[in-house]
Amino acid sequence: MDIREISSEKLLEYLQQKNEKPFRAIQLHQWLWEKNVFSFDEMFNIPKNLQKKLKTDFSFLQTTIEKEFVSKDKSIKFLFQLFDSEQIEGVLIPSQGRVTACVSSQVGCALRCTFCATGMLGFKRQLRFWEIIDQYVLMNHRSMEIFGIHVSNIVFMGMGEPLLNYENVSKAIEILTSDNGNRISPSRITLSTVGIVAGIRKLADERFKSNLALSLHVADHDLRSLLIPANKTNTIKELQDALRYYVEKTNQRITIEYLLLNKLNDSLADAEKLCHFCKAFPVKINIIEYNETTTQYKPSTPEVKIAFTKYLKAKNLIVNVRQSMGKDIAAACGQLTIGEHY
Ligand code: SAH
């Protein structure tokens, strides 16, 4: 078993069996979750003979940076190698004195959204919660080295669907935000979902404290089902109900991601449907541009984008038009596969 998988009760039992003092559990916890070391050798206040026992009885599986791709806009894409040779990607995005780390939640993705390169990979396996934290730790080190500042924000917008790996994602967020962990404010973490209704309701019941973003992209049921197959089993109506429930429980504003695709979902009638969808709860809308992948879509024209945005603003909605970063290294939304190209 990996040392990061053992529960505190079981670790205490283990230490007792080995005639070790219980406070070693606290020291171990600090090395693993506050100092985020990657080996037993670095735990210098753990006596050598206990380090040796731990090495014999537990594995300490490694996530490493296999490759880095640097964009001309300074964002950096990381190719991570996991313990079983699977690979995932993450991205560091510097802007205005902040650095955002975009992490993956699964190896590949099962959703097959028609505009997304990651979806074409298919699903390989779930990431363990510590593999999610490893991405943050490794990118945080590099952020310090390259930009001279710590990672300030984390977004679950890399590969995979976070709400289809609920247990590991919520455990990773718990540790990242814990006083005995990385002490990151929950408000600096955003979980982005395609709209898994059961997962959204579970987050609501657990009074989720981080931000929730929904990749809505289309507010029309039939068209959304065509573009996003998951919409067939998590319908717009169910999504709306789940979001209403989420807002009731958490009192939070939801971010709606809307990807503008030329002549598909960018008319004023589509904007109207979007307004209608957002009526039931407080939202912030992010208009995203289409990043080129192997899929056949085209971005909306600048004029259409302006008209669409203007329509929403006239309805008193909060709207941000997002510029994608890292497009030259295939690091932007929807472009993550494995390596330099999508
Ligand atoms: N599965 C989650 C997390 C992935 S986040 C989710 O769907 O939210 C990645 C974001 O990039 C999603 O909003 C996704 O819909 C969007 N995306 C996918 N392909 C894209 C493309 N070609 N251009 C721009 N955004 C894209």
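Let me begin by describing the structure that accompanies this report. In every chain, residue numbers begin from 1 and rise along the written sequence. Restriction of local features to residues with pLDDT of at least 70 applies here, the model being predicted, together with a cutoff of 80 or more for giving and counting side-chain atom pairs; totals for whole chains, interfaces and linings are based on all residues. Side-chain measures here rest on the full set of heavy atoms in the structure, leaving out hydrogens and waters.

**Thoughts on the nonpolar core**
Stated precisely, the cut-off is as follows: By convention a nonpolar core is built from buried Ala, Val, Leu, Ile, Met, Phe, Trp, Tyr and Cys residues, the set being connected through side-chain atoms within 4.5 Å. Burial classes: relative accessible area under 20% of the type maximum marks a residue as buried, over 50% as exposed, and values in between as partly exposed (1.4 Å probe, protein chains only). Only DSSP runs of H or I with at least four residues qualify as helices, and only runs of E with at least two residues qualify as strands; both kinds are numbered from the N terminus onward. By definition in these notes, contact holds between two residues if any of their heavy atoms fall within 4.5 Å.
Counting 110 residues, the largest nonpolar core has Phe115, Ile256, Phe277, Ile285 and Leu312 as the members making the most contacts within it. Considering every element that reaches this core, the biggest residue donor is helix α5 (residues 129–147), with eight residues. If near-sequence neighbours (up to four positions away) are discounted, Ile285 is found in contact with Ile256, Tyr258, Leu274, Cys278, Leu312, Leu317, Ile318, Val319 and Asn320.

**What to know about the packing of helix α7 (residues 197–205) against helix α9 (residues 236–250)**
Using the following cut-off: Axes here refer to lines fitted to C-alpha atoms; in helices the fit is confined to the stretch in contact. Angles between the N-to-C directions go from 0 to 180 degrees. For classification purposes, an angle smaller than 35 degrees is called roughly parallel, one larger than 145 roughly antiparallel, one from 65 to 115 roughly perpendicular, and anything else oblique. Polar here means any residue other than Ala, Val, Leu, Ile, Met, Phe, Trp, Tyr, Cys and Pro, which are nonpolar, and Asp, Glu, Lys and Arg, which are charged; Gly is therefore polar.
Orientation of α7 relative to α9, taken along the N-to-C sense of each, is 10 degrees, at an axis distance of 8 Å. The orientation of α7 with respect to α9, classified from their angle, is roughly parallel. For the pair α7 and α9, the contacting residues are Val197, Ile200, Arg201, Leu203, Ala204 and Asp205 in the first and Glu238, Leu239, Asp241, Ala242, Leu243, Tyr245, Tyr246, Lys249 and Thr250 in the second. Its residues assigned to classes, the contact of α7 with α9 shows nine nonpolar, one polar and five charged.

**Here we look at the packing of helix α10 (residues 268–278) against helix α11 (residues 302–314)**
Cut-off, in case you're wondering: Note on convention: near helix rotated counterclockwise from far helix by under a right angle means a left-handed crossing. Clockwise means right-handed.
Interhelical geometry of α10 versus α11 gives an angle of 35 degrees and a closest axis separation of 9 Å. Regarding α10 and α11, the two cross each other, and that crossing is right-handed. Contact residues: Leu268, Asp270, Ala271, Glu272, Leu274 and Cys275 in α10; Ala307, Phe308, Tyr311 and Leu312 in α11. Split by residue class, the contact of α10 with α11 holds eight nonpolar, no polar and two charged.

**A closer look at the packing of aromatic side chains**
Two aromatic rings are characterised by how far apart their centres lie and by the angle between their planes. For the record, the criterion: Stacked, edge-to-face and tilted labels apply to pairs of Phe, Tyr and Trp rings (six-membered ring for Trp) whose centres lie within 6.5 Å, assigned for plane angles under 30 degrees, over 60, and everything in between, in that order.
Counted by the stated rule, this structure contains nine aromatic pairs. Both rings, one in Tyr258 and one in Phe308, keep their centres 5.1 Å apart while their planes meet at 35 degrees; by these two values the pair is tilted. Taken as a pair, Tyr258 in strand β10 (residues 254–260) and Phe308 in helix α11 lie far apart in primary sequence, 50 residues in all. Accessibility assignment for this pair places Tyr258 and Phe308 in one class, buried. On the numbers, 5.8 Å between centres and 80 degrees between planes, the contact of Phe277 with Phe281 is edge-to-face. Take Phe277 and Phe281: they sit in the same class, and that class is buried.

**Focus: the environment of Asn45**
One can find Asn45 in the loop between α2 (23–34) and α3 (48–57). Between the alpha carbons of Asn45 and Trp31 there is a distance of 9.6 Å; along the sequence they are 14 residues apart. Those residues within four positions of Asn45 in sequence are excluded, and the remaining contacts are Arg24, Gln27 and Trp31.

**Points about the side chain of Ser192**
Just so we agree on the cut-off: Pairs of N or O atoms within 3.5 Å make up the polar contacts considered here, provided that, within protein, one atom can donate a hydrogen while the other can accept it, and that residues adjacent in sequence are counted only when both atoms are side-chain atoms.
Tracing the sequence through the fold places Ser192 in strand β8 (residues 189–193). At 3.5 Å, the side chain of Ser192 and the side chain of Ser215 are in polar contact. Not counting the four nearest positions on each side in its chain, Ser192 is found in contact with Phe156, Met157, Glu161, Pro162, Ala213 and Ser215.

**Here we look at unusual backbone geometry**
In this structure, Arg112 takes a positive phi of about 55 degrees despite not being glycine. Relative to the helices and strands, Arg112 is located in the loop between β5 (106–108) and α4 (117–121). Residue Arg112 is classed as partly exposed on the basis of its relative accessible area, which comes to 46%. Positive phi values are uncommon outside glycine, yet Lys263 reaches one of about 60 degrees. Assignment of secondary structure puts Lys263 in the loop between β10 and α10.

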